[in-house]
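Spelled out, the chains give:
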Amino acid sequence: RVDIHRKENAGAAEKPITIHATPEGCSEACRMILAIMQKEADETKSAEEIPLKILAHNSLVGRLIGKEGRNLKKIEQDTGTKITISPLQDLTIYNPERTITVKGSMEACSNAEVEIMKKLREAYENDVVAVNQQANLIPGLNLSALGIFSTGL
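Residues numbered from 1 in each chain as written. Predicted model: local features only at pLDDT ≥ 70, side-chain atom pairs only at ≥ 80, totals over all residues. Heavy atoms only, no water.

Chemist: Any chance you could explain the overall build of the protein chain here in plain terms?
Modeler: What the protein chain contains, in helices and strands, is five helices and five strands. Going from N to C terminus, the protein chain has its helices and strands arranged as β-β-α-β-α-α-β-β-α-α. Every one of the 153 residues in the protein chain was classed for burial, and the buried ones make up 29%. Residue pairs at least 24 apart in sequence account for 52% of intrachain contacts in the protein chain once pairs closer than 6 positions are excluded. (Helix = DSSP H or I, 4+ residues; strand = E, 2+ residues; numbered from the N terminus. Buried < 20%, exposed > 50% of the residue type's maximum accessible area, 1.4 Å probe, protein only. Contact = heavy atoms within 4.5 Å.)

Laid out in structure tokens, this is it:
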């Protein structure tokens, strides 16, 4: 399922899209959306390169970047892309997400998306395990009732 968030950003040039599927399904949907956007850009001669933008919770981004930026550099080298991440100053209490911008060919961006999402999922799953282990230390704490970690990537 693909949700296009039209109402939240009425009038904005960019619209966030949420994809609900398996990791492979998400990557395939992302690839298809990039192809449609590229085709439209080619027909209207509006942009030479369509960047892929991924929103990720700030708590996961550090592990995507890696020590001294190693993880990010490896993804860039392996895929032939240029990846930038929005600065911490852009975060607010209402928006704890950072924007990961991937530039390159459509194919390169699609390949980078697979690797980026793999790292983000790994970080998220490690957090869930850590929180569940902590919950065992506090009898009676029901994390699902609190609404924490109820959705996956």
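Chemist: Before we go on, may I ask you to explain the pairing of strand β5 (residues 97-103) in this structure?
Modeler: In the sheet, strand β3 (residues 52-57) pairs with β5 via six bridges, with the strands oriented antiparallel. Across the sheet, the residue bridging to Lys53 is Thr101, located in β5. Bridge analysis of strand β4 (residues 82-85) against β5 gives four bridges, and the strand direction is antiparallel. Paired with Thr84 across the bridge in β5 is Thr101. (Pairing = 2+ DSSP bridges.)

Chemist: Would you explain unusual backbone geometry in this entry?
Modeler: Residues other than glycine predominantly adopt negative phi, and peptide bonds predominantly adopt the trans conformation. The backbone of Glu68 sits at a positive phi, close to 55°, despite the residue not being glycine. If you trace the backbone, Glu68 turns up in the loop between α2 (58-65) and α3 (70-79). The class of Glu68 is exposed, set by a relative accessible area of 61%.

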